[in-house]
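Each chain, written out:
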Amino acid sequence: LFTSREMVEMAIQTEQNGYAFYSAAARQAQSPEAAKLLNWLAGQEQEHEAVFRQMLTAADRHLPSEEYSGQYSAFVQALLESRLLPDKETGAQRLATMTTDDELIDFAIGFEKDTILFMHEMHDMAAPSASETLKRLLAEEKTHLARLKTLRHSLQENG
């Protein structure tokens with residue numbers, strides 16, 4: 001069973017992977033609008049990592065209540081195995097195959113969706129003391145997704 005501390009550690013890794021991807025994607029972006037948003041998202045990943053690091057120092061050995069043994073572990077493991085950006089190397093490999101801003105933005109949208117799903121599960125599993133922070137971070141991730149979708153729409157209209 002994943003503990004709250006382990007979930008926070010996984011969230012830190014996700015934010016680090018996101019930062020690496022967004023930083024490299026911003027350098028690769030063709031349009032100034034895409035580069036600007038991707039750089040902003042890289043900064044957001046760093047800010048979220050810092051928040052998770054603060055949560056880590058206070059993380060306890062909180063175990064969520066389950067309807068059946070292993071309920072959360074199996075689901076979280078499936079999430080981790082199927083996410084678009086499991087590590088920095090995978091991000092770099094996938095980025096190397098992307099040639100357009102549309103591809104960068106579509107991948108980023110998928111990453112944000114994966115992150116929202118992971119954070120939602122994290123919220124359900126977390127100690128009550130982390131609930132408000134996780135709600136705020138979830139709202140920010142949803143904003144990231146909305147901004148990416150707006151950019152994709154704008155690029156498609158102008159491209």
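Quick summary incoming for the structure in this document. (Residues numbered from 1 in each chain as written. Predicted model: local features only at pLDDT ≥ 70, side-chain atom pairs only at ≥ 80, totals over all residues. Heavy atoms only, no water.)

### Examining the environment of E112
With respect to the helices, strands and loops of the structure, E112 is situated in helix α5 (residues 101-125). Separated by 36 residues in sequence, E112 and L148 place their C-alpha atoms 9.1 Å apart. Filtering out sequence-adjacent residues up to four positions away, E112 remains in contact with Y22, L41, E45, E141, H144, L145 and L148. (Helix = DSSP H or I, 4+ residues; strand = E, 2+ residues; numbered from the N terminus. Contact = heavy atoms within 4.5 Å.)

### Looking at the packing of helix α1 (residues 4-28) against α5
Axes are the key here: two packed helices are described by the angle between their axes and the distance separating the axes. The interhelical angle for the contact between α1 and α5, taken along N-to-C directions, is 165°, at an axis separation of 11 Å. Taken together, the axis directions place α1 and α5 in an arrangement best described as roughly antiparallel. Handedness of the crossing formed by α1 with α5: left-handed. Contacts from S4, M7, V8, M10, A11, T14, E15, G18, F21, Y22, A25 and Q28 of α1 reach α5 at L104, F107, A108, F111, E112, T115, F118, M119, M122 and M125. Looking at the contact of α1 with α5, its residues break down into 15 nonpolar, five polar and two charged. (Axes fitted to C-alpha atoms, helices over the stretch in contact; angles between N-to-C directions. Parallel < 35°, antiparallel > 145°, perpendicular 65-115°, else oblique. Left-handed = near helix turned anticlockwise from the far one by under 90°. Nonpolar A, V, L, I, M, F, W, Y, C, P; charged D, E, K, R; others polar.)

### Some thoughts on the packing of aromatic side chains
All chains considered together, the criterion is met by three aromatic pairs. Relative to F107, the ring of F21 lies with its centre 4.8 Å away and its plane at 45°, an arrangement referred to as tilted. With F21 in helix α1 and F107 in helix α5, this residue pair connects regions lying 86 residues apart in the sequence. We classify F21 as buried; its relative accessible area is 2%. Relative to F111, the ring of Y22 lies with its centre 5.8 Å away and its plane at 75°, an arrangement referred to as edge-to-face. You can see Y22 sitting in helix α1 and its partner F111 sitting in helix α5, a full 89 residues away along the chain. Here the two residues Y22 and F111 agree in accessibility, since each one is buried. One aromatic cluster is present, formed by F21, Y22, F107 and F111 through successive ring pairs. Above the plane of the ring of W40 lies R147, whose end atom (NZ or CZ) is 4.0 Å from the centre. (Phe/Tyr/Trp six-rings, centres within 6.5 Å; stacked < 30°, edge-to-face > 60°. Buried < 20%, exposed > 50% of the residue type's maximum accessible area, 1.4 Å probe, protein only. Lys NZ or Arg CZ within 6 Å of the ring centre and 35° of its normal.)

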